[in-house]
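These are the residues of each chain, in order.
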Amino acid sequence: ITEGVPVASSGDVAVALSDPNVVYYGTGSDGVRSNVSTGRGVWKSVDAGRTWTFAGLYNAGQIGAVRIHPTNPNVVWVAAYGDAFKGNAERGVFKTTDGGATWKKVLYLSDQIGAMDVELQPGNPSVVYAWMNRLERKPWTIISGSREGGFYKSTDAGETFTKTGTGLPAELIGKGNIAATAANPNRLYALVEALPGGGMYRSDDAGQTWRSLPSPPAMIYRPFYYTTLGADPTNPDVVYGGAEGFWRSADGGATWA
């Protein structure tokens, strides 16, 4: 249904809960490898994908996440990595309140640190979570991680953010994916690329403090490319994660199959 969009690289797609005819499509895969294709911003459909219009952020490069306000489809947050091959200013977390006509950069660290993920607290869109990290592809290597970035939290609907997360890795911080669950709005999971400390983490206080979970090492194999994570919306103890393999935990991350 996106043949009319002038780019085939997909980052994330979101459907508005309040109006399923409204769809936002963030282009640019967040799985950055040597042959990654650059995106061309955000596209929007108001007729369930039959037609699309450009909705901004043309130079956002790779888009890791698109999240729509649960009751207002004109309010959207986007996690943008930026240009995968060089520094640029159109990276970080962006927010629109007019359906993509204009965007405000609400979380920006530098022209090298982008946003991998943005999530809303279920039932309370005033609480917004984000993961920031550096990911840049050179002709001879890939840079995934730095001493900047990590977990950020907003309590004013993403207008301002504060770095938090006691217990998360704090040295070389790479790609991270956050999962929230409506079954327990204060429960969060995070799958993190880091040295030291890469792996799965869990918070039970809305991201203020975290503890490491005994996750399989292969779950963060090639984390710059994979880092897959999702939580069950009806059971807070069921969580899925993976790389080239796929794992499931039914006890809050204590054991994995």
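Residues numbered from 1 in each chain as written. Predicted model: local features only at pLDDT ≥ 70, side-chain atom pairs only at ≥ 80, totals over all residues. Heavy atoms only, no water.

Here's the deal with the sheet that holds strand β1 (residues 10-15)
Argument step 1. Strand order in the open sheet formed by four strands is β1-β2-β3-β4, with antiparallel pairing between adjacent strands. Only two strands of the sheet have a single partner each, and these edge strands are β1 and β4 (53-54).
Argument step 2. As paired strands, β1 and strand β2 (residues 23-27) are joined by five bridges and run antiparallel to one another. By the bridge assignment, Ser-10 is partnered in β2 with Thr-27. (Pairing = 2+ DSSP bridges. Helix = DSSP H or I, 4+ residues; strand = E, 2+ residues; numbered from the N terminus.)

Here's the deal with the sheet that holds strand β19 (residues 239-242)
Backbone hydrogen bonds are what pair the strands of a sheet, in a parallel or an antiparallel way.
Argument step 1. The strand order across the open sheet formed by three strands is β18-β19-β20, and the pairing between neighbours is antiparallel. The open sheet has two edge strands, β18 (228-231) and β20 (246-249), and neither has a second partner. Strand-to-strand, the axes of this sheet are offset by a mean angle of 15°, without reference to chain direction.
Argument step 2. In terms of strand pairing, β18 meets β19 through four bridges, oriented antiparallel. Bridging from a neighbouring strand, Gly-230 pairs with Tyr-240 of β19. (Axes fitted to C-alpha atoms, helices over the stretch in contact; angles between N-to-C directions.)

Quick notes on the nonpolar core
Argument step 1. Grouped together as the largest cluster of nonpolar side chains are 21 residues, with contacts concentrated most on Tyr-129, Trp-131, Phe-151 and Trp-210.
Argument step 2. Elements that contribute at least two residues to this core include exactly β10 (124-137), β14 (172-180) and β15 (188-195).
Argument step 3. Core analysis: the second largest hydrophobic core is formed by 17 residues, Val-75, Ile-113, Leu-120 and Phe-161 among them. (Core = buried A, V, L, I, M, F, W, Y, C linked by side-chain atoms within 4.5 Å. Buried < 20%, exposed > 50% of the residue type's maximum accessible area, 1.4 Å probe, protein only.)

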